[in-house]
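An overview of the molecular structure
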Amino acid sequence: MDRLILFDTTLRDGEQAPGFSMRLPDKVRMARALERLGVDVIEAGFPAASADDRRAVRAVADHIERAVVCGLARCVPADIDAAAQALQSAARPRLHVFLATSAIHRQHKLKMAKEQILALTREGVARARSHVDDVEFSPEDASRTERGFLGEVVQAAVEAGATTINIPDTVGYATPTEFESLFAWLLAHVPGLDGVTLSAHCHDDLGLAVSNSLAAVRGGARQVECTINGIGERAGNCALEELVMALRTRPGQFGDVSTRIDSTCLVSTSRLLSSITGVSVPPNKAIVGKNAFAHEAGIHQHGVLAHASTYEIMRPEQVGFDGQRLVLGKHSGRHALRQRVHSLGQELEEAAFERLFAAFKDLADRKGEVLDDDILALIVGDRQGCAWSLSRLQTSAGTDRVSTATVCVQHRDGSAVDEAATGDGPIDATFRAMTRATGYHDTQLDDYNVRSVTWGEDALGQVTVSVRRGDAVVRGSAVSTDVIEASANAILDVINRLEGTAAGGAS
Ligand code: MN
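Let me sum up the structure you'll find in this document. Note that the structure is predicted; figures quoted are calculated from it, not measured. (Residues numbered from 1 in each chain as written. Predicted model: local features only at pLDDT ≥ 70, side-chain atom pairs only at ≥ 80, totals over all residues. Heavy atoms only, no water.)

Turning next to the sheet that holds strand S6 (residues 135-140). As a general point, the strands of a sheet are linked pairwise by backbone hydrogen bonds and lie either parallel or antiparallel. The sheet built from 8 strands closes into a barrel, its strands ordered S2-S3-S4-S5-S6-S7-S8-S9 with parallel pairing. Taken over all neighbouring pairs, the strand axes of this sheet differ in orientation by 25° on average, direction set aside. Pairing between strand S8 (residues 197-202) and strand S9 (residues 223-226): 3 bridges, direction parallel. Note on S9: the bridge partner recorded for Ala200 is Val224. Contacting strand S5 (93-100) and S6, helix H5 (residues 103-110) runs over the sheet at an angle of about 85° to S5. (Pairing = 2+ DSSP bridges. Helix = DSSP H or I, 4+ residues; strand = E, 2+ residues; numbered from the N terminus. Axes fitted to C-alpha atoms, helices over the stretch in contact; angles between N-to-C directions. Contact = heavy atoms within 4.5 Å.)

Time to look at the pairing of strand S2 (residues 5-8). Successive side chains on a regular strand alternate, one facing one side of the sheet and the next facing the other. The alternating pattern of S2 places Ile5 and Phe7 on one face and Leu6 and Asp8 on the opposite face, and all of these are buried. In this structure, S2 lies alongside S9, joined through 4 bridges in parallel fashion. Its bridge partner lying in S9, Leu6 is registered against Val224. Taken together, the 2 bridges between S2 and strand S3 (residues 41-45) define a ladder with parallel strand orientation. Bridge pairing in S3 places Asp8 opposite Ile42. (Buried < 20%, exposed > 50% of the residue type's maximum accessible area, 1.4 Å probe, protein only.)

A large share of strand S17 (residues 461-469) lies buried, amounting to 7 of its 9 residues. Relative to strand S18 (residues 472-480), S17 runs antiparallel, the two being bridged by 9 bridges. Counted as the bridge partner of Thr464 is Ser477 from S18. Between S17 and S18, which pair antiparallel in sequence order, lie 2 residues; one of them, Gly470, sits at a positive phi of approximately 65°.

Turning our eyes to something else, we now look at the coordination of the manganese ion. Surrounding the manganese ion are the protein donor atoms Asp13 (OD), His201 (NE2) and His203 (NE2), at 2.0 to 2.3 Å. The sequence motif formed by the donor residues of the manganese ion is D-x187-H-x1-H. A residue pair is termed long-range when its members are at least 10 positions apart, and Asp13 in helix H1 (residues 10-16) and His201 in strand S8 qualify at 188 residues. (Donors = N, O, S within 2.8 Å, 3.2 Å for Na, K, Ca; no water.)

Moving on, we come to the sheet that holds strand S14 (residues 403-411). Strand order in the open sheet formed by 3 strands is S13-S14-S15, with antiparallel pairing between adjacent strands. Since the sheet does not close on itself, it has two edges, and those belong to strand S13 (388-396) and strand S15 (416-423), each with one partner. Adjacent strand axes in the sheet meet at a mean angle of 20°, parallel and antiparallel pairs treated alike. Pairing between S14 and S15: 8 bridges, direction antiparallel. If you follow Thr404 over to S15, its bridge partner there is Thr422. Contacts from helix H16 (residues 426-438) reach S13, S14 and S15, with the element oriented near 145° to S15. Seen against the sheet, helix H17 (residues 483-498) touches S13 and S14 and runs at an angle of roughly 140° to S13.

The following block contains the structure:
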């Protein structure tokens, strides 16, 4: 049986999608969860793209021991060197170099002839190999590249020392039969592919990312690039959880391959990402959606109770749904919480753990039972070290009156500011009062979302806001059992990011 390498790009392609940016400490949390899940390669960012990306790749490289940590680079020396630099502390570094090869990209984007593309490929891969032994090359828009030329580029990259060749369906245009035959064709026609891993990177523009990835495996791919919850550019990437469970549930259908994934961590990893980004998965999402194992129709419920396999092709425990049961209550102590944090794949320093314990006790008092998702939301929601904090909030609203908000915010330097405002509803009033109090009245509330972290009438609500200031849009989030309080703290989260002093310094 062959090993299928799982390459996770949640922190790169996923994070690149609008509304999915993550702060540095959250990227490290996510990377740890991915390592615990058992992914083989973590693509941590695109170091040449920004200083934040460089810092993130460095931080992930510092914290990950077993998985390969990968940095993306365009096929230009400065990018490749920046990625190599950011990966210096990685136990197992990989450089991922890409260059577009399709006629559309050659003519309209790069304005380069085929010969130039081949020369750049050789130079870029060789330069990457001068830094590290593990080099991946991606001919961008491969699925729309002429087969013969794609073969030439792949051969050039392999000759220059690439150890993985990734075939991206950059725009989500491929179909399963076509994609399978492309991999089989490359293996049959390109010399020197022995000992080189072929990889698939699919996008979901036509809803085919998982199908195309599985087809690639049938065609001979031995690495698949995917993301948690399928996040990524536009319609997203191949969803890791769907790919893994398709391989587990239908072994032999896609070639004789196995992964190292611990599928019982799929749900908690999916929930951690939702807590970090403030974006829930739809209830009907395969594998990790709230309804993925819910049997509503009476006849189905009866069948499942009589024998689970009547309507279930997988057991909910297999993907980690049992971890969502009641785990802790207000009588749980530090030891129980510490164990839970550990089993969620998270490591906290002593001070951070004590803050979590206090928040947990507070939540247990309000809500009674505390679930895994609540704990993850509290860990992610820790905003220690920020410039501003909320010390008091009062709102008044109703159908027949103007909404008002009175806030008191405290600055790290000890000063406190009181402010009041009226607005179109209590959240608008709170937004006005908070931005006035902190000197950010030149901002506008662009988008507002609230999601329930778990269920029940006392569930934690996570509020995510987008705030516009000039051309910049900054997102912030916060959790509370009180949605107005969560809204105020989400606004404050944005203000703290604007101050550039939010925990971890990443914005
Ligand atoms: Mn992509």
